[in-house]
Amino acid sequence: MTANADEITLAGVSKSYGHIRAVRDVDLTIGAGQTVAILGPNGAGKTTTIDMILGLNRPDAGSVAVFGVSPEDAVRAGMVGGVLQTGSLPAYLSVRELLELVASLYPDPLPVGAVLAAAGLAELAGRPTRALSGGQSQRVRFALALIANARLLVLDEPTTGLDAGSRHQFWDAMRGSARRGTTVLFATHYLEEADAFADRVVLMAQGRIVADGPATEIRARVRTSTIRATLPQVEADSLGLLPGVVSAERHGDSVELVCDDSDAVLRALLSRYPAMRDIEVRRAALEDVFLELTRDDAAEAAGVAGPVPGGAR
Amino acid sequence: MSSVTYVRFELLRTFRNRRFVIFSLAFPLALFLLATGPNRNQQIGGVAFALYFMVGMAAWGAMAAVLAGGAVIALERAGGWTRQIRITPLRTRVYFASKVIGSYALALTALVLLYIAGAAMGVRLPVGSWLRLTILLLIGLVPFVALGILLGHVLSADAVGPAIGGIAAAFALLGGVWGPLPATGVLHVIGQSLPSYWLVYAGRVSQGGGWWPVRAWPVLVAWTAVFGLLAVAAYRRDTGAA
């Protein structure tokens, strides 16, 4: 095992449950201080991968090292904090008591008072965990992750059930942790969240990493953009002949052009049709990429030959 | 220090659980007072009615306490809390030790409450006998601690409550908590092979200044071993630990 004390390393990791191959031959290296989003549909292998990094699961093949040691040892040394997908918090404790309990388990926790404030829980400190709303419980989980003050923070769908305001608060706090050098690894369904908060997006589908890189780079994997504009009296067919246009459609007075080089198309359009207005250029959203890449993977899984795009590193 | 804090919070949680307190303390105490009040001068199973029922109800309450103390793990599993706690530095053995300590604290409270009620109903024993009784009861609970932890790993959160109630009642009934078993026959044989029988029997032997007869020990060891091994297997299956 190549154990780098500053990295989290998965090498050739596979895990099956019966005949379901949850994770297949995953290689992944995460440097200290990175914020990495694992993105993928249900059943993509996100939670299984995270569980192996946390030592909750052992790989059938391959190896996992967290800061140079086994996941179990990293957990035992208090290097790992996290929020897992959980149904309920333990009963018969107040919010403050629960935080004190978890803080007591870690070698270098943050002060309870500061964490209560950061998570917006100061008012709820004395409330029993049972008497919290869903959003409030989720904020408590987020406080539990913060208070550990661990080197690696693992968050499995951390903002499910949070309103927009709390979500912002959550990510502000996470950015603060990342600035202090914490490595943050989170699984999410929210594409915009991965886009906005992660240095790096690891896209999983059917147990494999299908793309890995900065969100911008991943988006660039699908090079298309869409230009929409109001441009009456020009044939869609003639627009379709412009270099850089993949397809052109007309809807009443407006046209919609799917381009693989929107900059060139836009220059050409503006010089030829100065009357063009209401121009709108939209880059492919991560969601589009996501759909496309996972579709590719489905095709590949169905027997279409071809290398897996991306891969690790 | 972390273990101490964790155990302290576990104790807090145990005693704040109203259902635990009602089933382990309030019910046995109320039933003892109701049953013994009118019969306090009677004899039953060769001992004073009050002593017999004091030990019986203490055994029942303590049994319920340790069963529930372990079975509560089912709720923590269902809620994902056991997974959450497994990614903290808390050692597995501290997690289980805190459950056992919490269970025993509640069980001991049940014993003390019933002793006080028993004394109020006229039970008089030498100090040595009270101590011997307590020691025997705490030892006799060990198989039920293991059973509680086993149930905590095999039952769903919904099933736990009824299961504990039913199992405690069955062990209590067949062990003679509700009244002496016949001195011979099938029930006698079944009774003697159950750990709950020896809990009740602790009342009789402690009064006479003795301990359990030798044949009690294999019964307790066997039940503890069976429940303990099954609990370990269930834990391993649940956590995927090798």
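The structure under discussion appears in the preceding block.
What comes next concerns the included structure.

Thresholds, definitions, all that
Residues numbered from 1 in each chain as written. Chains lettered and ligands numbered in written order. Predicted model: local features only at pLDDT ≥ 70, side-chain atom pairs only at ≥ 80, totals over all residues. Heavy atoms only, no water. Contact = heavy atoms within 4.5 Å. Buried area = accessible area lost by both parts, 1.4 Å probe. Salt bridge = Lys/Arg side-chain N within 4 Å of Asp/Glu carboxyl O. Polar contact = N/O pair within 3.5 Å; in protein donor to acceptor, adjacent residues only side chain to side chain. Helix = DSSP H or I, 4+ residues; strand = E, 2+ residues; numbered from the N terminus. Nonpolar A, V, L, I, M, F, W, Y, C, P; charged D, E, K, R; others polar. Core = buried A, V, L, I, M, F, W, Y, C linked by side-chain atoms within 4.5 Å. Buried < 20%, exposed > 50% of the residue type's maximum accessible area, 1.4 Å probe, protein only. Pairing = 2+ DSSP bridges. Axes fitted to C-alpha atoms, helices over the stretch in contact; angles between N-to-C directions. Parallel < 35°, antiparallel > 145°, perpendicular 65-115°, else oblique. Left-handed = near helix turned anticlockwise from the far one by under 90°.

### Structural notes on the interface of chain A and chain B
Taken together, the contact pairs 31 residues of chain A with 23 residues of chain B. For the pair chain A and chain B, the summed buried area comes to about 2500 Å², and 62% of that belongs to carbon and sulfur atoms. When the buried area of chain A at its contact with chain B is split by residue, Leu56, Tyr92 and Leu105 of chain A rank highest and sum to 27% of it. Between the two partners, chain A and chain B, sit two salt bridges. Taking the shortest distance from any N to any O, the salt bridge between Asp51 of chain A and Arg83 of chain B comes out at 3.1 Å. For the pair chain A and chain B, the interface holds eight residue pairs in polar contact (both at pLDDT 80 or more). Put simply, the parts of the chain that give the side of chain A that touches chain B at least two residues each are helix 1 (46-53), helix 2 (71-76), strand 5 (80-83) and helix 3 (95-105) of chain A. Tallying contributions element by element places helix 3 of chain A first for the side of chain A that touches chain B, with seven residues. Residues of the side of chain A that touches chain B, tallied by class, amount to 16 nonpolar, 10 polar and five charged.

### Considerations on the nonpolar core
Leu155 of chain A together with Met54 and Trp212 of chain B are the most contacted members of the largest nonpolar core, which has 133 residues in total. Per-element accounting of this core gives the leading share, 21 residues, to helix 3 (residues 49-78) of chain B. Excluding anything up to four places from it in sequence, Met54 of chain B contacts Phe32, Leu114, Tyr115, Gly118, Val123, Trp130 and Leu133 of chain B. Counting residues in hydrophobic clusters, the runner-up holds 31 residues, among them Leu28, Met52, Leu152 and Met204 of chain A.

### Overview of the sheet that holds strand 10 (residues 225-230) of chain A
All names here are of chain A. Pairing within the open sheet is antiparallel, and its four strands lie in the order 11-12-10-13. At either margin of the open sheet sits one strand with a lone partner, and together these are strand 11 (245-251) and strand 13 (277-283). Taken pair by pair, the neighbouring strands of this sheet meet at an average axis angle of 15 degrees, ignoring direction. Sheet topology note: the strand 10/strand 12 (residues 254-259) ladder contains six bridges and is antiparallel. Within strand 12, the residue paired with Thr230 across the bridge is Ser254.

### Describing the packing of helix 8 (residues 157-175) of chain B against helix 10 (residues 195-207) of chain B
Residues and elements named next belong to chain B. Direction vectors running N to C along helix 8 and helix 10 enclose 60 degrees, while the axes themselves pass 8 Å from each other. As the angle between them shows, helix 8 and helix 10 are arranged oblique. For the pair helix 8 and helix 10, the crossing hand works out as right-handed. Within the contact between the two elements, helix 8 uses Phe171, Ala172 and Gly175 and helix 10 uses Pro195, Ser196, Tyr197 and Val200. In terms of residue class, the contact of helix 8 with helix 10 is built from five nonpolar, two polar and no charged.

### Some details on the pairing of strand 1 (residues 7-17) of chain A
Two elements, strand 1 of chain A and strand 2 (residues 20-31) of chain A, share eight bridges in a ladder whose sense is antiparallel. Note on strand 2 of chain A: the bridge partner recorded for Tyr17 of chain A is Ile20 of chain A.

### Considerations on the sheet that holds strand 4 (residues 61-66) of chain A
Residues and elements named next belong to chain A. Here we have three strands laid out as an open sheet, ordered 2-1-4, and antiparallel in their pairing. Looking at the sheet topology across the chains shown, the edges are occupied by strand 2 and strand 4. This sheet shows a mean twist of 20 degrees between the axes of neighbouring strands, independent of strand direction. The strands touched by helix 1 are strand 1, strand 2 and strand 4; relative to strand 1, the strand with the most contacts, the crossing angle is about 125 degrees.

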